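Spelled out from the first residue to the last, the chains are:
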Amino acid sequence: MLTLGIETSCDETSVAVVDSGSKTLSNVILSQSVHTKFGGVVPEVASREHVRTIIPIYKQALEEAGVTRDQIQLIAATMGPGLVGPLLVGLSFAKGMAWGMEVPFVAVNHMEGHLAANLLSQPDLDDNHLTLIVSGGHTMLVHVRSFGEYEILGRTVDDAAGEAFDKIAKVMGLGYPGGAEVDKLAKQGDRTYERFPRAMRHHEYRFSFSGLKTAVAQYLDKLSAEERDKHLPDIAASFQEAVVDILVEKTVKAAKEKNIRDVTISGGVAANSRLRELMQERLTRAGKRFFYPPIQLCTDNAAMIAAAGYFRFQKWGATEFVVDAVPYLPLD
Ligand SMILES: Nc1ncnc2c1ncn2[C@@H]1O[C@H](COP(=O)(O)OP(=O)(O)OP(=O)(O)O)[C@@H](O)[C@H]1O
Ligand SMILES: [Mg+2]
């Protein structure tokens, strides 16, 4: 079943064509660069960029997939969580297209999209699995009993892991969004150089990153310009290790305690090389199987939305056209 996926929840305009939730025919992603000069996403500017680019991106997605419009059998779009203006652009476009083409339409939760990136790319993954969703706005540990049936075991009480990466990248002068830059710099550093705090170690599956963010920012403040330059890779690596260590520790603990064999990570921070490495190491040691999506399916993209939309349609059919954008849409 050829599914057109549309993702516009933040600052990526993305359109994809996916066959039956398992084969990506195209996945065009346009990251809006206009926000760089503001150091963060400006919602109104993002909405306008989506309006300007969605049709050309849609045409490119069909072309790259080698399909024509009349071959599309299902249209899926993100309805939330995200920025309301940007969400409305993609959702309205999808509804209009589905209405005009007389094909079913499915509204998708963006976080379900992130976790579906694994369903799309990992055919061996068990329906029943544990996933750590780590993105720019969310950090949560979810027991997926089957597609659509979620138990949130824990989440962050303050900042998301991605937010911490972005903030530290900013204070280090690495630009925005800076998670990937911190990852790159950390590769040249010593992760044991400084031990930054691991918060909420004894609080079940809850996470906290705002204290760590402040600790690293203050640590950097106290350094001389020379020391800072000399040890920036070591500090990046030590900061990254603090984030990754606590993420891995709690994920492994949950997999053991809940007796879940298969574990995945998803969301933008799932692209992090050290997170992948340490998860693999400690999960293998615990006798668990570890899966993660290719990097282009970690950060926001429409292929994961098409996949989630397809699985949703298989289970529950189409969504009514009256559905609206919901900025704080919960996963459960
Ligand atoms: N290699 C990496 N290491 C660490 N963080 C990374 C890496 N690559 C991307 N990120 C981070 O991932 C985040 C973007 O992920 P994503 O696109 O899933 O977030 P979002 O869509 O803005 O938030 P949400 O999905 O919660 O609504 C940013 O915070 C970015 O810094
Ligand atoms: Mg996202």
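Here, the structure is the one placed above.
Parameters at a glance
Residues numbered from 1 in each chain as written. Chains lettered and ligands numbered in written order. Predicted model: local features only at pLDDT ≥ 70, side-chain atom pairs only at ≥ 80, totals over all residues. Heavy atoms only, no water. Near = heavy atom within 4 Å. Polar contact = N/O pair within 3.5 Å; in protein donor to acceptor, adjacent residues only side chain to side chain. Areas by Shrake-Rupley, 256 points an atom, 1.4 Å probe, with all protein chains shown as cover. 1 Å grid on protein atoms, 1.4 Å probe; cavity = no way out; pocket = protein on both sides within 12 Å on 5 of 7 lines; lining within 4 Å. Sits in = over half its atoms within 2 Å of the grid points. Nonpolar A, V, L, I, M, F, W, Y, C, P; charged D, E, K, R; others polar. Domains from an automatic or database assignment. Helix = DSSP H or I, 4+ residues; strand = E, 2+ residues; numbered from the N terminus. Buried < 20%, exposed > 50% of the residue type's maximum accessible area, 1.4 Å probe, protein only. Contact = heavy atoms within 4.5 Å. Axes fitted to C-alpha atoms, helices over the stretch in contact; angles between N-to-C directions. Left-handed = near helix turned anticlockwise from the far one by under 90°. Phe/Tyr/Trp six-rings, centres within 6.5 Å; stacked < 30°, edge-to-face > 60°. Lys NZ or Arg CZ within 6 Å of the ring centre and 35° of its normal. Core = buried A, V, L, I, M, F, W, Y, C linked by side-chain atoms within 4.5 Å.

Trainee: Please set out the site of ligand 1 residue by residue, giving values where relevant.
Mentor: Taken together, 20 residues are adjacent to ligand 1, and Ser 135, Gly 137, His 138, Asp 166 and Asp 300 come closest. Ser 135 places a side-chain nitrogen or oxygen 2.5 Å from an oxygen atom of ligand 1. In this structure, an oxygen atom belonging to ligand 1 sits 2.7 Å away from a side-chain N or O atom of His 138. Alone, ligand 1 offers 650 Å² of accessible surface; in the complex the protein occludes 88% of this. Put simply, ligand 1 lies in the largest pocket. Of the residues contributing to the shell around ligand 1, the split by class is five nonpolar, 12 polar and three charged. Mapped onto the domain boundaries, the shell around ligand 1 takes at least three residues apiece from domain 1 (2-114 + 297-316) and domain 2 (128-292).

Trainee: Summarise the environment of Cys 10; cite the residues concerned and give the values.
Mentor: With respect to the helices and strands, the residue Cys 10 is situated in the loop between strand E1 (2-7) and strand E2 (12-19). Note on Cys 10: relative accessible area 24%, which makes it partly exposed. In this structure, the C-alpha to C-alpha distance between Cys 10 and Gln 32, residues 22 residues apart in sequence, is 9.4 Å. Once you skip the residues sitting within four places of it in the chain, Cys 10 turns out to touch Val 41, Ala 46, His 50, Leu 83, Pro 86 and Asp 300.

Trainee: Break down the packing of helix H7 (residues 225-257) against helix H8 (residues 273-285) for me, citing the residues and quoting the values.
Mentor: Any two packed helices are characterised by the angle at which their axes cross and by the distance between the axes. Remark: H7 packs on H8, axes separated minimally by 9 Å, with the N-to-C direction vectors making an angle of 35°. In this structure, H7 meets H8 at a crossing whose hand is right-handed. From H7, Gln 240, Glu 241, Val 244, Asp 245, Leu 247, Val 248, Glu 249, Thr 251, Val 252 and Ala 255 reach across to H8, where they touch Arg 274, Leu 275, Leu 278, Met 279, Arg 282 and Leu 283. A breakdown of the residues in the contact of H7 with H8 according to their chemical character gives nine nonpolar, two polar and five charged.

Trainee: Summarise the packing of aromatic side chains; cite the residues concerned and give the values.
Mentor: Going through the model one piece at a time under the given rule, you end up with 10 aromatic pairs. Summarising the aromatic geometry, the rings of Tyr 58 and Phe 93 are spaced 5.6 Å apart at their centres and angled 70° between planes, so their arrangement reads as edge-to-face. With Tyr 58 in helix H1 (residues 43-65) and Phe 93 in helix H2 (residues 84-101), this pair connects stretches of sequence that are 35 residues apart. Of the two residues, Tyr 58 and Phe 93, both sit in the buried class. With centroids separated by 6.3 Å and ring planes inclined at 10°, the aromatic side chains of Phe 207 and Phe 209 adopt a geometry described as stacked. Every member of this aromatic cluster is reached through a ring pair, and the members are Phe 147, Tyr 310, Phe 311 and Trp 316. Here the basic side chain of Lys 250 rests over the ring of Phe 207, its NZ or CZ set 5.8 Å away from the ring centre.

Trainee: Run through the nonpolar core, naming residues and quoting values.
Mentor: In this structure, Phe 209, Phe 239, Leu 247 and Leu 275 are the most contacted members of the largest nonpolar core, which totals 47 residues. Only strand E6 (129-134), helix H4 (161-171), helix H5 (179-186), helix H6 (210-221), H7, strand E9 (262-266) and H8 provide two or more residues apiece to this core. At 14 residues, the largest contribution of residues to this core is made by H7. Apart from residues lying up to four places away in sequence, Leu 275 is in contact with Val 134, Val 244, Leu 247, Val 248, Ile 265, Val 269 and Ala 270.

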